[in-house]
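# Reading the structure
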Amino acid sequence: MKKTLIALAVLAAAGAASAQSSVTIFGVVDATIQRIDNGTGGAVTRLHNSGESSSRLGFRGVEDLGGGMSAQFWLEAGVNNDDGTGQAGSANNQFLAPVALDPTSTTARTVAASGVRPGQQGLMFNRRSTVSLAGGFGEIRLGRDYTPQFYNLNVFDPYGTVGVGAQLLLSSVSLNPTSVRASNSIGYLLPSNLGGIYGQAQYYRGENVSTAANSGDGNGWGLRLGYAAGPFNVAIATSRTTYGTVPVAAATASALATPATGQVLGNIRQTNLGGSFDFGVAKLMGVVSRDSMNSAVGSFEGRGYMIGATMPVGAGLIKASVAQYTTDIPTSGTDPRARKYALGYVHNLSKRTAIYTTYARVSNSNGVAGFASQPVTGGAGSPVLNGSSTGYDLGIRHSF
Amino acid sequence: MKKTLIALAVLAAAGAASAQSSVTIFGVVDATIQRIDNGTGGAVTRLHNSGESSSRLGFRGVEDLGGGMSAQFWLEAGVNNDDGTGQAGSANNQFLAPVALDPTSTTARTVAASGVRPGQQGLMFNRRSTVSLAGGFGEIRLGRDYTPQFYNLNVFDPYGTVGVGAQLLLSSVSLNPTSVRASNSIGYLLPSNLGGIYGQAQYYRGENVSTAANSGDGNGWGLRLGYAAGPFNVAIATSRTTYGTVPVAAATASALATPATGQVLGNIRQTNLGGSFDFGVAKLMGVVSRDSMNSAVGSFEGRGYMIGATMPVGAGLIKASVAQYTTDIPTSGTDPRARKYALGYVHNLSKRTAIYTTYARVSNSNGVAGFASQPVTGGAGSPVLNGSSTGYDLGIRHSF
Amino acid sequence: MKKTLIALAVLAAAGAASAQSSVTIFGVVDATIQRIDNGTGGAVTRLHNSGESSSRLGFRGVEDLGGGMSAQFWLEAGVNNDDGTGQAGSANNQFLAPVALDPTSTTARTVAASGVRPGQQGLMFNRRSTVSLAGGFGEIRLGRDYTPQFYNLNVFDPYGTVGVGAQLLLSSVSLNPTSVRASNSIGYLLPSNLGGIYGQAQYYRGENVSTAANSGDGNGWGLRLGYAAGPFNVAIATSRTTYGTVPVAAATASALATPATGQVLGNIRQTNLGGSFDFGVAKLMGVVSRDSMNSAVGSFEGRGYMIGATMPVGAGLIKASVAQYTTDIPTSGTDPRARKYALGYVHNLSKRTAIYTTYARVSNSNGVAGFASQPVTGGAGSPVLNGSSTGYDLGIRHSF
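Residues numbered from 1 in each chain as written. Chains lettered and ligands numbered in written order. Predicted model: local features only at pLDDT ≥ 70, side-chain atom pairs only at ≥ 80, totals over all residues. Heavy atoms only, no water.

### A few points about the nonpolar core
Just so we agree on the cut-off: Grouping buried Ala, Val, Leu, Ile, Met, Phe, Trp, Tyr and Cys residues that are joined through side-chain atoms within 4.5 Å yields what is termed a nonpolar core. Three exposure classes are used, based on accessible area relative to the maximum for each residue type with a 1.4 Å probe and protein chains only: buried under 20%, partly exposed in between, and exposed over 50%. The contact rule is simple, with two residues in contact once any of their heavy atoms fall within 4.5 Å.
Counting residues in hydrophobic clusters, the biggest one holds 60 residues, and the most contacted among them are Leu57 and Phe59 of chain A, Leu57 and Phe59 of chain B together with Leu57 and Phe59 of chain C. Contacts of Phe59 of chain B, omitting those with residues within four sequence positions, involve Leu57 and Phe59 of chain A, Val23, Thr24, Ile25, Phe26, Phe73, Trp74, Leu75 and Phe125 of chain B together with Phe59 of chain C.

### What to know about the pattern of salt bridges
Two side chains that carry opposite charge are able to pair once their charged atoms sit near each other. Residues and elements named next belong to chain B. What counts, and what does not: Salt bridges are identified by distance alone: a Lys or Arg side-chain nitrogen within 4 Å of an Asp or Glu carboxyl oxygen. Comment: elements are numbered from the N terminus, with helices defined as DSSP H or I runs of at least four residues and strands as E runs of at least two.
Counted under the stated rule, the structure contains 27 salt bridges over all chains. Glu52 serves as the salt-bridge partner of Lys319, at 3.1 Å between the closest nitrogen and oxygen. With Lys319 in strand β15 (residues 316-328) and Glu52 in the loop between β2 (43-49) and β3 (56-66), this residue pair connects regions lying 267 residues apart in the sequence. For Lys319, a relative accessible area of 8% puts it in the buried group. Between Arg128 and Asp145 there is a salt bridge whose closest N-O contact spans 4.0 Å. Here the residue Arg128 occupies a position in strand β6 (residues 128-135), and Asp145 occupies one in strand β7 (residues 138-146), the gap between them amounting to 17 residues. Look at Arg128 and you get buried, because its relative accessible area is 10%.

### Concerning the side chain of Asn126 of chain A
Residue and element names in this part refer to chain A. The following threshold applies: Between N or O atoms, a polar contact is any pair within 3.5 Å; within protein, one atom must be a potential hydrogen donor and the other a potential acceptor, and residues adjacent in sequence are included only when both atoms are from side chains.
Here Asn126 is to be found in the loop between α1 (106-113) and β6 (128-135). You can call Asn126 buried: its relative accessible area is 3%. There is a polar contact of 2.8 Å between the side chain of Asn126 and the backbone nitrogen of Gly78.

### Let's talk about helix α2 (residues 148-155) of chain B
Across the 8 residues of α2 of chain B, 6 count as buried, placing the element largely inside the fold. Taken as a whole, α2 of chain B has its buried residues at Pro148, Gln149, Phe150, Tyr151, Asn152 and Leu153 of chain B.

### Here's the deal with the pairing of β3 of chain B
Residue and element names in this part refer to chain B. As a reminder, the rule being used: By definition, two strands form a pair when at least two bridges between them are found by DSSP.
With 8 of 11 residues buried, β3 lies mostly within the body of the structure. Examined bridge by bridge, β3 and strand β4 (residues 69-80) share 10 bridges and lie antiparallel to one another. Among the inter-strand pairings, Gly66 is bridged to a residue of β4, identified as Met69. Between β3 and β4, which pair antiparallel one after the other, the connecting turn spans 2 residues, and Gly67 there sits at a positive phi close to 60°.

### Regarding the environment of Gly244 of chain A
As for its placement among the helices and strands, Gly244 of chain A is situated in the loop between β11 (232-242) and α4 (248-252). Placed 30 residues apart in sequence, Gly244 of chain A and Asn214 of chain A show a C-alpha to C-alpha distance of 5.4 Å.

### Brief notes about the packing of aromatic side chains
Residues and elements named next belong to chain B. What counts is decided by this rule: Within 6.5 Å between ring centres, the rings of Phe, Tyr and Trp (the latter by its six-membered ring) count as paired, and their orientation is classed by plane angle as stacked under 30 degrees, edge-to-face over 60, tilted in between.
Counted by the stated rule, this structure contains 33 aromatic pairs over all chains. Arranged with centres 4.8 Å apart and planes meeting at 50°, the rings of Phe277 and Phe279 form a pair that is tilted. The exposed category is assigned to Phe279, whose relative accessible area is 53%. Here Tyr359 and Tyr392 contribute two aromatic rings whose centre-to-centre distance is 5.6 Å and whose plane-to-plane angle is 55°, an arrangement assigned as tilted.

### Comments concerning unusual backbone geometry
Even without being a glycine, Glu207 of chain A presents a positive backbone phi close to 65°. With phi around 60°, Asn366 of chain C is a residue other than glycine that occupies positive phi space. By the element assignment, Asn366 of chain C lies in the loop between β17 (353-365) and β18 (388-399).

### Looking at the environment of Ser389 of chain C
Residues and elements named next belong to chain C. Along the polypeptide, Ser389 turns up in strand β18. Overall, the relative accessible area of 0% leaves Ser389 in the buried class. In the structure, Ser389 is positioned 351 residues away from Asn38 in sequence and 4.4 Å away in space, judged by C-alpha atoms. Setting aside its immediate chain neighbours within four residues, Ser389 contacts Ile36, Asp37, Asn38, Ala360, Arg361, Val362, Gln374, Pro375, Val376 and Pro383.

### Some remarks on the environment of Leu170 of chain A
Summarising the element assignment, Leu170 of chain A is placed in helix α3 (residues 168-171). With residues near it in sequence (within four places) discarded, Leu170 of chain A still touches Phe150, Leu153, Thr161, Ser179 and Val180 of chain A.

### Looking at the confidence of the model for chain A
Residues and elements named next belong to chain A. This is how it is decided: Confidence scores per residue from the predictor, reported as pLDDT, run from 0 to 100.
For chain A, the mean per-residue pLDDT works out to 84, and 80% of the residues sit at or above 70. Contacts of residues 1-20 to residues separated by more than four positions or lying in other chains number 57 contacts, the stretch itself having pLDDT below 50. Within the model, the stretch residues 96-117 combines pLDDT values under 50 with 54 contacts to residues more than four positions away or in other chains. Interface scoring of the predicted complex returns ipTM 0.89; its pTM is 0.91.

Shown next as structure tokens:
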């Protein structure tokens with residue numbers, strides 16, 4: 001993503017020029033001709049978005065406050081550029097992450113005929129909406145932001161978390177509404193002058209009233225600590241989010257666990273370790289992760305690894321990854337397992353624009369009833385139990 | 001619509017200047033004091049939007065890739081500036097085009113009281129959201145875009161498709177969700193150096209899973225070919241979209257056809273031919289169109305024409321049009337027919353700003369049960385069967 | 001709020017430079033760590049937005065038309081930067097002001113499980129979306145805008161209408177959908193050269209069809225007239241809005257009145273008088289207000305006052321206010337009353353950025369069944385009948 005800084009001439013509303021200001025408009029428009037084939041589970045061929053980088057439109061700025069201090073704002077909205085809609089967020093970090101309205105579903109049609117007419121998800125700053133004070137002490141950041149444990153799954157994977165090659169370890173914990181971002185967060189980031197050490201801490205609230213049964217629902221925290229030096233980069237992260245009751249729809253959407261309807265949960269924890277080494281001719285990277293869902297009526301655990309590499313070839317970049325995720329169910333003799341292979345190529349037409357193609361395959365095994373087999377991406381149905389899923393991307397990514 | 005190109009000074013986020021970039025912010029804010037009188041069908045006087053040009057806010061940019069190649073993005077949102085809401089799109093090109101949430105309807109009130117609280121339609125890039133690669137070969141464009149057969153109805157009409165004078169032939173096929181735009185489209189546009197010949201092809205997907213009964217619902221394509229030379233301009237276009245089941249609400253909303261509830265359709269086809277000749281003292285234009293809906297249980301056909309003219313008068317422009325649309329129903333002895341007359345004047349205060357007024361009248365005849373008589377615009381109720389509808393606009397249009 | 005004027009180089013789309021244009025991007029990102037304690041009514045600790053200034057993102061511009069005339073547009077969206085969502089408006093000035101979708105409510109969960117999936121409120125220009133023509137005669141402004149009687153409650157209060165210290169007199173009439181803004185409005189503002197006299201008139205429509213039972217629902221008007229000279233400023237305002245039926249949910253949300261379900265209303269009137277005097281060492285200000293709801297089955301009246309002061313202390317500003325609102329119910333022997341005290345401090349880090357803290361307390365008395373006791377802010381539950389509510393803010397406000 002290239003950054004665009006708008007040069008501004010600033011005038012006070014009534015009278016003389018007074019303050020210096022700047023707003024940066026930035027974004028990505030990434031469109032991909034995508035095919036997901038879940039075998040007898042069904043296939044779909046579509047024009048989709050965000051095959052190589054997440055499509056977005058954002059506004060941000062930095063104000064120098066003097067004395068090494070600065071104030072910053074960042075408002076970034078996800079854009080589904082295949083149909084023009086925006087993307088929803090996770091509201092107050094609780095289950096039932098709101099999804100884009102789907103007026104084409106059979107149920108929606110019936111409802112619409114009866115008078116309730118759903119609109120479409122508008123643009124909102126679901127990706128990030130923060131205000132910060134930064135200085136020698138680091139950065140205090142308030143608002144909706146990435147959760148610390150998300151970063152390792154993203155930065156140490158050749159595909160990040162987009163397209164058919166996207167990180168398997170992340171999609172395996174999609175049950176966690178704070179697996180990527182949290183609303184209502186207070187974050188602290190270490191300053192950048194600690195000799196390669198970087199890190200952050202984050203605390204967030206579910207904002208339920210104290211007298212409610214679910215008063216702690218959506219509260220949580222995360223930590224990340226890393227070290228980067230020359231070609232070397234490594235980081236560890238962990239997080240914990242408290243939850244109330246899991247609604248049915250959310251529970252069955254995940255491979256991590258399928259609690260019974262209305263089951264009361266305690267918390268979800270995610271821990272991961274990632275690293276990369278750039279040999280010049282190629283960059284190797286890897287992640288290991290362990291997730292658990294702990295409740296009053298039992299717990300489940302998931303563990304996985306990903307090994308990947310990127311290799312520059314002229315104006316292009318070859319990407320490859322292998323990953324595996326296993327869910328450990330105490331009450332089951334077998335552990336459902338998903339394996340993913342992904343191979344891709346990105347051809348840069350400029351620093352801002354590229355064409356790309358990706359092939360990926362997920363193979364599921366040891367599946368048990370109640371656990372859906374994993375597809376190559378989350379938005380196009382699922383393979384049948386223990387079935388495989390294959391995905392293809394051919395797209396254009398343009399940053400501004 | 002005036003185009004505004006922002007001059008940018010580009011700095012890399014951390015350090016030296018590196019890439020050249022530009023984002024253009026553009027838009028229209030058009031407000032009109034509008035009265036629609038449908039006789040005994042009811043009247044409404046309101047402050048409405050888009051009486052002379054569609055209100056919008058957009059972001060776009062072009063990157064020179066060298067060698068005659070360029071990458072482009074275009075994100076354009078419709079804005080209802082009378083109440084601040086955004087506009088919904090057509091999702092996956094299927095029936096039940098989502099409409100803006102109407103929290104003031106009786107049904108919505110009841111639902112809200114029971115706990116489901118509808119919001120209002122937020123801003124989304126319903127008008128266009130595309131990324132393109134262009135060069136000597138033409139342009140490949142991916143995303144949500146106008147359908148090819150829409151252009152003739154818009155560019156060869158003095159009123160385009162906005163305000164009380166809006167194109168009758170278009171509103172007659174409002175049953176077709178892709179009558180104006182399609183999501184998930186792959187488009188190809190001819191280069192601009194073909195001696196006046198221009199054209200485009202578009203293919204779009206409904207993106208249903210292959211195993212669904214409606215797997216082809218929303219798939220379609222369109223073609224347009226034109227020739228412009230000096231004062232002369234002519235173009236022909238055709239399109240075909242496959243549909244599954246028509247929900248009740250959508251079916252009764254159109255004059256084209258009223259299939260029974262749940263009727264399985266085959267496809268909707270639209271073909272039109274438009275042209276204009278600029279005599280200097282006046283510009284004459286016209287369109288003829290033919291639409292058909294073909295299904296397993298019968299088909300309907302519509303045909304229409306529009307003749308219009310614009311005449312510059314000092315800083316102003318007089319606009320006039322006459323149009324007729326007839327629906328041919330095989331099982332009916334009579335063919336419902338709507339005739340429209342429109343007369344207007346636009347007074348330019350500058351290249352970007354104008355005030356305008358329009359008068360229009362639609363007369364319906366030969367109506368049969370199940371076919372609604374057509375109003376001057378679609379959003380303010382309908383006249384009674386075979387009734388007339390009159391409209392008035394008095395507004396301001398400002399582009400930026 | 002600092003204003004940011006983007007310097008633009010303008011090029012016509014095809015060829016030579018032609019028109020001069022400008023778009024200003026402006027906004028506020030204000031995040032506050034807020035605690036609302038309603039005693040046994042429940043408490044909530046949260047990261048909230050708009051504790052000192054309303055968070056927003058806007059686009060506006062002015063075009064010089066020559067001869068002292070100008071055209072202006074203004075599109076301003078409210079932003080909930082704690083979770084990234086947008087804010088809804090009041091649609092057509094009618095009851096059931098649409099609220100942000102709350103996918104975390106129990107009801108919403110149930111509905112979602114049954115197939116209707118609510119999204120989240122997207123960005124829309126709920127704060128203001130207008131186009132204007134201005135000149136020596138004043139300004140004609142069309143669209144969604146503030147109502148005239150809102151200003152006195154905002155500009156003559158140290159806290160305006162945001163944060164835990166927000167204006168008590170305004171929140172007491174939250175039943176009125178046009179208490180802050182109106183959609184579909186036609187406004188006229190006096191020119192600025194009348195020797196200190198300023199004022200505006202506004203008319204707005206509910207836009208119901210003439211044949212509907214509620215055809216007048218949402219129609220209304222407002223007037224404001226003021227005089228400012230040196231340290232002195234005073235203004236009076238009044239408004240009247242016609243209403244149809246009040247739905248249950250909206251009625252119980254207000255302290256002004258609780259009509260029975262389906263009760264037919266006549267109108268709501270609001271009148272207020274505010275003033276301020278800047279002594280240099282401190283600025284004193286005050287407002288008195290009187291509101292009434294008049295219907296066929298009886299009427300209610302509310303009256304209140306607010307006295308406040310701001311005092312500069314170095315780079316900071318101390319704010320204090322005391323307010324009282326009493327509802328006069330003819331059929332009740334007691335008059336429900338709310339009193340509010342607020343004390344705060346804003347520390348400016350620059351002209352654009354500040355940190356702030358506020359403490360506020362509302363005490364309710366004489367409450368009767370059907371009238372909710374008032375909280376310090378409207379969005380975090382309510383105290384029990386005749387209970388108290390305490391609020392704390394600690395936040396950052398950044399303008400751009």
